[in-house]
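# Structural characterization, general
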Amino acid sequence: MSIKSLIINPGSTSTKIGVFEDETLLFEETLRHSTEEIAQYASIVDQKDFRKQIIIDLLKEKDFDINSLQVIVGRGGMLKPIPGGTYAVSDELLEDLKIGKQGQHASNLGGILAREIGDSIGVPSYIVDPVVVDELMPIARYSGVPELPRTSVFHALNQKAVAKRYAKEKGVSYDSLNLIVVHMGGGVSVGAHEKGRVIDVFNALDGDGAFSPERAGAVPSGALIKMCFSGEYTEKEVYKKIVGNGGFNAYLGTNDMRDVAKMIEEGDDHANEVREAFILQVCKNIGSMSCVLKGKVDQIIVTGGIAYNKDVVDQMQERAGFIAPFTVYPGEDELLALTQGALRVMNGEEEAMQY
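Right, let's walk through the structure included here. From a predicted model like this one, the values you see are computed outputs, not experimental measurements.

So, how was this worked out
- Residues numbered from 1 in each chain as written.
- Predicted model: local features only at pLDDT ≥ 70, side-chain atom pairs only at ≥ 80, totals over all residues.
- Heavy atoms only, no water.
- Buried < 20%, exposed > 50% of the residue type's maximum accessible area, 1.4 Å probe, protein only.
- Helix = DSSP H or I, 4+ residues; strand = E, 2+ residues; numbered from the N terminus.
- Contact = heavy atoms within 4.5 Å.
- Phe/Tyr/Trp six-rings, centres within 6.5 Å; stacked < 30°, edge-to-face > 60°.
- Expected span 1.5 Å × (residues − 1).
- Core = buried A, V, L, I, M, F, W, Y, C linked by side-chain atoms within 4.5 Å.
- Pairing = 2+ DSSP bridges.
- Axes fitted to C-alpha atoms, helices over the stretch in contact; angles between N-to-C directions.

In terms of residue burial, helix 4 (residues 108-121) counts as a mostly covered element, since eleven of its 14 residues are buried. Close packing links the buried residues of helix 4 with strand 1 (4-10), helix 2 (48-61), strand 4 (71-75), helix 3 (91-99) and strand 6 (125-128). With its phi angle positive at about 75°, Gly 122 sits one or two positions after the end of helix 4.

What follows is the structure, encoded as structure tokens:
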């Protein structure tokens, strides 16, 4: 029997939903919220009823019977560090989403909305591979400063989804493979997947690793300290240089690789040099992760929006192809990845994780 699911992926100014029958998308919609609408609410969790109602209204508008759903899946939020997997939205998980265990973020609403809608029609609710997935081996946490341990914050949903997709296409278990997965979007994360666990990863939010369209990645520590205490910038301004205005934004004034490609086509040597520097840094990250896996790498998987750029991928292969063959899955289909996580549990392929 086929399984119908409602997938909820909240962003800061939008709520993206999809309705699937097994892995077939029946329809999807991005419900956009104005700044004025969002500004009415003192906190993210206060937006719950507003967002829930517009989802219910859309399903009615589509003449879709909400009672025909077998499962509701929400994007995971800023929970405590947890291993990867599909998690039932338990009372404890729900509470940590509400308080924002590791911070307030719109994604926290995913599990909250999934639980409320699921409970209202008597079906289970889940989250899948939130950004706080943490499977680091103990020695990967050392940074050199005890007060500043390395942390696992990365594109866990897409990284795990493409790794499992590759394994399925090869007819082997994800748990049997050693993979390096490179996600290149607004942020970049490079992870070492050893036998089904991401044992080391470059923090994609505000930590180490390559610069990206919007983020600075690792920067010279001493120079950063001097900048912080120069008196020229507030804490907020420095952080914005690292997250938001860093990377391609800082060098070229754009966070879109298509714009960069156009600049290069028009003969912009500086844009070409910046892109080459980006590729070099990503490949250095790949090299680092190959050492984490002791050189035993079955495949390098490249994904995210930038993976659509053939020139970038070709240059990456030229630099890092000696490590392992490349497989490219461009883009990221978060709605499908969330669906697949729930289906693996509903179909008995995996057990639901307990928070």
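Picking up where we left off.
In this section: the packing of aromatic side chains. Tallied over the entire structure, the rule returns six aromatic pairs. Pairing Phe 211 with Phe 248 gives two aromatic rings, centres 5.6 Å apart and planes at 65°, and the pair type is edge-to-face. A residue pair is termed long-range when its members are at least 10 positions apart, and Phe 211 in the loop between strand 9 (197-201) and helix 6 (221-228) and Phe 248 in helix 8 (residues 248-252) qualify at 37 residues. A single burial state applies to Phe 211 and to Phe 248, both of which are buried.

It is worth spelling out helix 5 (residues 156-170) at this point. Between the first and last C-alpha of helix 5 there are 21 Å, a value that for 15 residues agrees with the 21 Å anticipated at 1.5 Å per step. With eleven of 15 residues buried, helix 5 lies mostly within the body of the structure. Taken together, the buried positions of helix 5 are occupied by Ala 156, Leu 157, Asn 158, Gln 159, Lys 160, Ala 161, Val 162, Ala 163, Lys 164, Tyr 166 and Ala 167.

Among the nonpolar cores identified, the biggest contains 37 residues, and Met 184, Phe 278, Ile 286, Ile 300 and Met 316 are the most heavily contacted of them. Broken down by secondary-structure element, the contributors of at least two residues to this core are strand 7 (178-184), strand 8 (188-194), helix 8, helix 9 (257-265), helix 10 (269-292), strand 10 (299-304) and helix 11 (310-320). Here this core takes nine residues from helix 10, the largest share from any one element. Beyond its immediate stretch of four places on either side in the chain, Met 184 contacts Phe 278, Val 282, Val 302, Thr 303, Gly 304, Gly 305, Ile 306, Ala 307, Val 312 and Met 316. Ranked by size, the runner-up nonpolar core spans 33 residues in total, among them Ile 8, Ile 17, Tyr 87 and Leu 94.

Another point: the pairing of strand 4. By the criterion of burial, strand 4 is predominantly enclosed, with five of the five residues buried. Pairing between strand 4 and strand 6: four bridges, direction parallel. Bridging from a neighbouring strand, Gly 74 pairs with Ile 127 of strand 6.

Here we come to the sheet that holds strand 10. Strand order in the open sheet formed by five strands is 9-8-7-10-11, with mixed pairing between adjacent strands. Here the strands that pair on one side only, and so sit at the sheet edges, are strand 9 and strand 11 (326-330). If you compare each strand with its neighbour and ignore which way they point, the axes differ by 25° on average. Sheet topology note: the strand 10/strand 11 ladder contains five bridges and is parallel. Pairing of Thr 303 across the sheet is with Tyr 329, part of strand 11. Its contacts with the sheet place helix 10 against strand 7, strand 8, strand 9 and strand 10, and it is angled at close to 20° to strand 8.

Interpretation in functional terms is not warranted from these geometric data alone.
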